[in-house]
Amino acid sequence: MCTILPALALILAAGATAPAATAPAATAPAAGRTVGSGWNDYSCKPSSAHPRPVVLVHGTLGNSVDNWLFLAPYLVARGYCVFSLDYGQLPGVPPVFNGLGPVAKSAGQLSAYVDRVRAATGADKVDLVGHSQGGMMPRYYLNFLGGGPKVNSLTGLAPSNHGTTLSGLTKLMDQIPGAREAIHGVTPGLTDQALGSDFLKKLGSRPDTVPGVRYTVVATRYDEVVTPWRTAFLSGPNVRNVLLQERCGADLSEHLAIGTVDRVAFHEVANALDPAHATPSGCASVVTG
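The following refers to the structure shown. What you see as residue numbers is a count from 1 along each chain, following the sequence as written. Restriction of local features to residues with pLDDT of at least 70 applies here, the model being predicted, together with a cutoff of 80 or more for giving and counting side-chain atom pairs; totals for whole chains, interfaces and linings are based on all residues. As a rule here, side-chain values come from all non-hydrogen atoms in the structure, and water together with hydrogens is ignored.

Some remarks on the sheet that holds strand β1 (residues 54–57)
Argument step 1. A sheet is described by the order of its strands in space; here six strands give the open sequence β2-β1-β3-β4-β5-β6, paired in parallel fashion. Two strands close off the open sheet at either side, each with one partner strand: β2 (82–85) and β6 (239–243). With strand direction ignored, the average angle separating the axes of adjacent strands in the sheet is 15°.
Argument step 2. Relative to β6, strand β5 (residues 214–219) runs parallel, the two sharing five bridges. Looking at β6, one finds that Val217 is bridged to Asn241.
Argument step 3. On the sheet, helix α12 (residues 263–273) packs against β1, β3 (126–131), β4 (151–157), β5 and β6 and is oriented at approximately 165° with respect to β4. Strands were regarded as paired on the criterion that DSSP finds at least two bridges between them. We count a stretch as a helix when DSSP gives it H or I for four or more residues in a row; a strand needs E for two or more, and each element gets its number in order from the N terminus. For helices, the fitted axis covers only the stretch in contact; all axes are lines through C-alpha atoms, and the angles between them, taken along N-to-C directions, range from 0 to 180 degrees. We call two residues contacting when some pair of their heavy atoms lies within 4.5 Å.

What to know about the side chain of His58
Argument step 1. Summarising the element assignment, His58 is placed in the loop between β1 and α3 (71–76).
Argument step 2. Here's how the labels work: a residue is buried when its accessible area is under 20% of the maximum for its type, exposed when over 50%, partly exposed in between, all with a 1.4 Å probe on protein chains only. Since its relative accessible area comes to 0%, His58 is described here as buried.
Argument step 3. Each residue touching His58, except ones within four places of it in the same chain, is listed here: Asn63, Ser64, Asn67, Trp68, Leu85, Asp86, Tyr87, Asn98, Gly99, His131, Gln133 and Gly134.

Re the pattern of salt bridges
Argument step 1. Counted as salt bridges are all cases of a side-chain nitrogen of Lys or Arg within 4 Å of a carboxyl oxygen of Asp or Glu. Counted by the stated rule, this structure contains six salt bridges.
Argument step 2. Among the ionic pairs, Arg52 bridges to Asp127, the shortest N-O distance being 2.9 Å. One end of the pair, Arg52, is in the loop between α2 (17–22) and β1; the other, Asp127, is in strand β3, with 75 residues separating them in the sequence.
Argument step 3. Notably, a salt bridge pairs Arg247 with Glu268, separated by 3.0 Å at the nearest N-O pair. Linking Arg247 in helix α10 (residues 244–247) with Glu268 in helix α12, this pair joins segments that are 21 residues apart in sequence.
Argument step 4. Glu268 sits in the buried class, given a relative accessible area of 2%.
Argument step 5. Within this structure, Asp115, Arg118 and Lys150 form a network of salt bridges that share partners.

Laid out in structure tokens, this is it:
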């Protein structure tokens, strides 16, 4: 069992570990901090062109800065007020590694943060964009914590919407008596996303969507974390499911890249935030998107 926990952590770390390794130490997140690229600016007021603030929700083992070093400035440059939160902290874990706490509790943190952003900006609703766990966890907020009236849209980049086999690792975990329970006691944010978890059973007890919210999912066939990759997709009204490789067949982005650096995925985020002015994404989005 001692070998399973590190493996789980390494695989689900795809929410943010690589950017954290390359970012300067000064980018360590802090509550309410304004970063130099223009996001988390609580004086920002949404424009008539972009009337809703965008809240970015990081992935497992990610944080409010490192996960968004490229997407946040991309959206700021397009005129959006952009905010990002830290959630799912565990005692004794360095603050750059979040998203490890119980997902339901993390959804409560998101609820409080959305209210904070709405109060600061004066906006009635926000748009949510999340990577990995950050694309799935908001659905608990929408379905169980009354978030629907406060949210216009949810865009998930490789979200763990219906759980994951972690490329078969969860099957190995379940072959060892007590392994799932032991890991859950240490890092519940990991096991909550494993196929068959009690959390996912509760999340799946209600429809994928809530009325009045638009949903977009962008998945990659090369996802090695959310497996099978089709489990990321949602069903229901107001859902748009996008496979990255149907937009650009040469795009080899896997789980980490789709949420942190992929410009085709970024183009799809921009389309989801402003569908009235959406433009076709494709391989050229790497340059023009």
